[in-house]
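Geometric and topological summary
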Amino acid sequence: MRIIAVIPARYASTRFPAKLMQDLGGKTLILRTYEAALSTKLFDDVFVVTDSDIIFEEIVSNGGQAIKSVKEHESGSDRIAEAIENLDVDIVVNVQGDEPFIDADPLQKVIEVFKNDAAKQVDLASVMREITNEDDINNPNNVKVVVDQNGFALYFSRSVIPYPREKNAGVRYFQHIGIYAFRKQALLDFYSLPIQSLEASEKLEQLRYLEFGKRIKMVETSHIGIGIDTLEDLEKARKMI
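Read on for an overview of the structure.

This brings us to the pairing of strand S1 (residues 3-9). In terms of burial, S1 is a largely internal element, seven of the seven residues being buried. Residues Ile-3, Ala-5, Ile-7 and Ala-9 point to one face of S1 and Ile-4, Val-6 and Pro-8 to the other, with burial holding for every one of them. Here four bridges tie S1 to strand S6 (residues 91-94), and the two strands are oriented parallel to one another. Paired with Ala-5 across the two strands is Val-93, which belongs to S6.

Okay, structure coming up:
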C-alpha cells in the first residue's frame, strides 16, 4: 500500500495574506510544515500542491517536492485530486499547510484505518475530538460530527448536532478535526461530482462525500492542532520554536 501526504498551499489568505511564506524561526511556515510531515516517517512521499510560483519555488529550492496546480479550485480536495490523478498511490493524506507542529498520532490513526480495512469499506478516514464546553459546542466555526455505532460519519454541521432536547441522554459532542486520509478513487470521484445543496448551505466539502454515498470512518483523538490563522498565532508559534 503506497501512502503519500499532500499539503495544499494557497498563497492568498483572507485572514492572513501570504501567511505560508512568513518566517518561523529562520524558515518559512510552509517549509516547516513540509519538513514536519517528512519527519513523521509515515509516508512514502510528501508533496506540496500550490497555485503559487513563490511557494512552489520555496519548496523545490529547499530540496522538496512540489506540484503546481493547473486549474483554479474551490476546495483543498479538488486541488489534491488534480495533483494526484496520475500518481501511483493508494492512500492520500491531507496535511494542513499552516500546522508546522504536526502530531504524528492522529495521522497514524487515519492510516491504520485503511491498513485494517481488508474489505475496502472505507472511502475516507478523518479525526474528531470530544468537546464539552457549551461555547465550543455552540460555536459555528467548530464543525460538529455525529457517527453511527461503527464510527462512520452520519452528518457534519456548524449547528449543534444532536440537538439536546433531552439534557440527560448522555450524548457526547465531537468536533471534526480537518485531517483526512482518502482512497485515491474517492478523491477522483469527488473531483468529478457537483456541489449539492447540503455542501452549499453549510460550506463543508465533506458533505459532498456523504451526499454521494461515500463512507467516512471517524477516529477519536485528544489532539488539538496548532494552526496559524492570524499574526497573533504566528507570534505564539515563534515563541514555541
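In this section: the packing of helix H1 (residues 29-39) against helix H2 (residues 53-61). Look at H1 against H2: their axes get within 10 Å of each other, and the N-to-C directions meet at 45°. Accordingly, the angle class assigned to the pair H1 and H2 is oblique. The two elements H1 and H2 meet at a crossing, and its hand is right-handed. The segment H1 lies against H2, with Ile-30, Leu-31 and Tyr-34 engaging Ile-55, Glu-58 and Ile-59. Its residues placed into classes, the contact of H1 with H2 shows five nonpolar, no polar and one charged.

Here Ile-216 is to be found in strand S11 (residues 216-220). The buried category is assigned to Ile-216, whose relative accessible area is 1%. With 75 residues separating them in the primary sequence, Ile-216 and Asn-141 have C-alpha atoms 21 Å apart. Excluding residues within four positions of it along the chain, Ile-216 makes contact with Leu-124, Ser-126, Gly-151, Phe-152, Ala-153, Phe-156, Gln-206, Tyr-209 and Leu-210.

What counts and how
- Residues numbered from 1 in each chain as written.
- Predicted model: local features only at pLDDT ≥ 70, side-chain atom pairs only at ≥ 80, totals over all residues.
- Heavy atoms only, no water.
- Buried < 20%, exposed > 50% of the residue type's maximum accessible area, 1.4 Å probe, protein only.
- Helix = DSSP H or I, 4+ residues; strand = E, 2+ residues; numbered from the N terminus.
- Pairing = 2+ DSSP bridges.
- Axes fitted to C-alpha atoms, helices over the stretch in contact; angles between N-to-C directions.
- Parallel < 35°, antiparallel > 145°, perpendicular 65-115°, else oblique.
- Left-handed = near helix turned anticlockwise from the far one by under 90°.
- Contact = heavy atoms within 4.5 Å.
- Nonpolar A, V, L, I, M, F, W, Y, C, P; charged D, E, K, R; others polar.

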